[in-house]
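# Coordinate inspection notes
Each chain, written out:
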Amino acid sequence: MTIRIHPIKAFNDNYIWTLINKNNKQAIIIDPGQAAPVIEYLEAEGLEMIAIWTTHHHHDHIGGVAELQEHFPMTHLVAHSEHNVDEDQTIKDGSIVNAWGCSAQVWDVSGHTASHMAYILDIDGHKHCFCGDTLFSGGCGRVFTGTIEQLYASFERLSNLSDEALFYPAHEYTASNLRFGLSIEPGNVAMQQALIQAEEKTNQGIPTLPVTVAHEREVNVFLRADEPSVIAGVASKMKLDDEKPLTIFAALRELKNNF
Ligand SMILES: [Zn+2]
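What comes next is a walk through the structure. Residue indices begin from 1 for each chain and proceed along its sequence in written order. Local features in this predicted model are restricted to residues whose pLDDT is 70 or higher, and side-chain atom pairs enter the listing and the counts only when it is 80 or higher, whereas totals over whole chains, interfaces and linings include all residues. To get the side-chain values, take all heavy atoms of the structure and skip hydrogens and water.

## Side note on the coordination of the zinc ion
- Those donors, His56 (NE2), His58 (ND1), His112 (NE2) and Asp133 (OD), are the protein atoms that reach the zinc ion, and they lie 2.2 to 2.3 Å from it.
- Listed donor atoms are N, O and S within 2.8 Å of the metal (Na, K and Ca: 3.2 Å). As water is not included, a site may look incomplete. Here the metal geometry follows the donor angles, with tetrahedral for four donors whose angles all fall between 85 and 135 degrees, square planar for four and octahedral for six when opposite donors are more than 155 degrees apart and every other angle is between 65 and 115, and irregular for all the rest. Taken together, the four donor atoms coordinating the zinc ion span angles of 90 to 166° at the metal, a pattern that classifies the geometry as irregular.
- One chain supplies every donor for the zinc ion, spaced along it as H-x1-H-x53-H-x20-D. Placement of the pair is His56 in the loop between strand 4 (48-53) and helix 2 (59-62) and Asp133 in the loop between strand 10 (126-132) and strand 11 (135-136), with a sequence separation of 77 residues. Only DSSP runs of H or I with at least four residues qualify as helices, and only runs of E with at least two residues qualify as strands; both kinds are numbered from the N terminus onward.

Spelled out as structure tokens, the structure:
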């Protein structure tokens, strides 16, 4: 199966990840916050949209859904019941979604919001994780309608994907996240190198995504809450009741909110 994965840019820094089947010129759109850039891209490439998958209910992820449904009446809309859209397939943790014979497992990775879903698409044994606003390269989503405990559990789960699996977050926040990470862990060489590369790419308008799970384990401070260097970095900035990974994770989120 040949599926190409392409980011359509929307708003300032959103990516609308698009699955493209080259054989039949069909496309599946993940989190269309805007309809116009999607329609423009599909028309330019001669593609027919057959499905939309949503990760959570925020406007910059579902804002274009209704217009796209009108434009492509045969669209199969996949969403959780709390995503505030008129879905055809209601998903929850453990659901399976189909993409031209490839299957995507649905995981509940709440924390940024409640009912935040991730899609783990398996293409010829390779895993592609569309994680919305839960995990960003070098960082994580803010806690809105979920809880920090949920977000921590979601990170634990995502970090168990295999080394070569790929994360496809929905925003280009990589460089600023790495700057925050280096404020905690200034001696992290992998993080320093990742920042140089991210700044180069961002300056050229090239996405820094996707990223491998192995890469994120090295450069994402939120996946490193049990590392002595991260604990020391957090402890130098705020008073901690204990050094449990969840405590460090929550402290990191709080420090990032004010970075
Ligand atoms: Zn969001």
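There is more to say, and it comes next.
## Overview of the sheet that holds strand 10
- Strand pairing requires that DSSP identify at least two bridges connecting the strands. The strand order across the open sheet formed by six strands is 7-8-9-10-13-14, and the pairing between neighbours is mixed. Of all the strands in the sheet, the pair left with one neighbour each is strand 7 (96-99) and strand 14 (211-212).
- Bridging between strand 13 (residues 166-169) and strand 14 involves two bridges; their strand directions are antiparallel. For Leu166, the partnering residue across the bridge sits in strand 14 and is Thr212.

## Topic: the layout of surface pockets
- Size it by volume and the largest pocket reaches roughly 240 Å³.
- For each structure, a 1 Å grid was placed over the protein atoms alone; sets of points admitting a 1.4 Å probe that cannot get out are labelled cavities, open sets with protein on both sides within 12 Å along at least five of seven lines are labelled pockets, and lining residues have an atom within 4 Å of a point. If you go around the largest pocket, you meet 15 residues; those closest to its centre are Phe136, Cys140, Gly141, Arg142 and Tyr173.
- Grouping the amino acids of the lining of the largest pocket by side-chain chemistry returns four nonpolar, six polar and five charged. Grid points are joined across faces, edges and corners, and a volume is the space filled by probe spheres set on the points. Three residue categories are used. Nonpolar comprises Ala, Val, Leu, Ile, Met, Phe, Trp, Tyr, Cys and Pro, charged comprises Asp, Glu, Lys and Arg, and polar comprises the others, including Gly.

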